[in-house]
Amino acid sequence: NPSGLQKFAHDKFSLLLCYPPPQSPMAVETLKSYLDHGGECVIHIGEWKGLTGSSEFESLLQSNMKLVFCVPCLSWGTDASHATIWIKDSRVSSKNSLPMCSSCERSPATNRYRLVRSLGYCGKHCFLEHRAQRQHHHLMVLIPKQSIAEEARSFGDKHIWNTLNTKEGKKKGKKRKNKH
């Protein structure tokens, strides 16, 4: 019950959200209550932009808190879960980037690989550069080896890729909402 957080939401207590239900209001309602009552530290365990929480929860967390720690969790199958720690910071001016590109590790991933959800890439170049490492992931989840040409053709295929928070993705989402 989010209203019960009032007595705990100060600097001596942290809010732990472990695998919040996907597309449920639970995570965002709990975070709003925690922040409203002065909460300053959130520990989130789950898949960012994926199988836990909601985009509204992620936006609220990013706009009020600073990501200070991130480590991948042991995975079940092909999930992409991380343990993250967020600290209240009034100076948060830009969004924290999660997940990062699996190849260059410098740019935010714009596409998540559905066959191995823990892998995401900022572009086709990084996807192709990361082939040897990706083949290892394929073997771990029993995906047959593909030729370089097959892999190159697959980049961007909506059946194999999830688009992560890009300007193009946002524009498409707005168009769909306006049609209904």
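One structure accompanies this document, and this report is about it. (Residues numbered from 1 in each chain as written. Predicted model: local features only at pLDDT ≥ 70, side-chain atom pairs only at ≥ 80, totals over all residues. Heavy atoms only, no water.)

Throughout the structure, instances matching the rule amount to four salt bridges. Residue Lys49 is joined to Glu58 by a salt bridge in which the shortest nitrogen-to-oxygen separation is 3.9 Å. Owing to a relative accessible area of 22%, Lys49 belongs among the partly exposed residues under this scheme. Here Glu58 falls in the buried class, since its relative accessible area comes to 4%. Through salt bridges with shared partners, a single network forms among Glu47, Arg112 and Arg117. (Salt bridge = Lys/Arg side-chain N within 4 Å of Asp/Glu carboxyl O. Buried < 20%, exposed > 50% of the residue type's maximum accessible area, 1.4 Å probe, protein only.)

Another point: the packing of helix α1 (residues 26–36) against helix α2 (residues 55–64). For the pair α1 and α2, interaxial distance at closest approach is 8 Å and the crossing angle is 25 degrees. Considering the angle they form, α1 stands roughly parallel to α2. Our pair here, α1 against α2, has a crossing hand that is left-handed. Along the contact surface, α1 presents Ala27, Val28, Leu31, Lys32 and Leu35, while α2 presents Glu56, Phe57, Leu60, Leu61 and Asn64. Counted by class, the contact of α1 with α2 contains seven nonpolar, one polar and two charged residues. (Axes fitted to C-alpha atoms, helices over the stretch in contact; angles between N-to-C directions. Helix = DSSP H or I, 4+ residues; strand = E, 2+ residues; numbered from the N terminus. Parallel < 35°, antiparallel > 145°, perpendicular 65-115°, else oblique. Left-handed = near helix turned anticlockwise from the far one by under 90°. Contact = heavy atoms within 4.5 Å. Nonpolar A, V, L, I, M, F, W, Y, C, P; charged D, E, K, R; others polar.)

With that settled, consider the state of the cysteines. Using the criterion set out here, one finds zero disulfides in the structure. Cys101 supplies the cysteine sulfur nearest to Cys104, a cysteine that is in no disulfide, at a spacing of 3.8 Å. Overall, the relative accessible area of 16% leaves Cys104 in the buried class. Cys122 carries a free sulfur, and the closest cysteine sulfur to it, the one in Cys126, is 3.6 Å from it. (Disulfide = S-S within 2.5 Å.)

Let us now look at unusual backbone geometry. A positive phi angle is found at Tyr19, which is not glycine, with a value near 50 degrees. Relative to the elements of secondary structure, Tyr19 occurs in the loop between β1 (15–18) and α1. The backbone phi angle of Glu105 is positive, close to 60 degrees, even though this residue is not glycine. Within the fold, Glu105 resides in the loop between β4 (81–88) and β5 (111–113).

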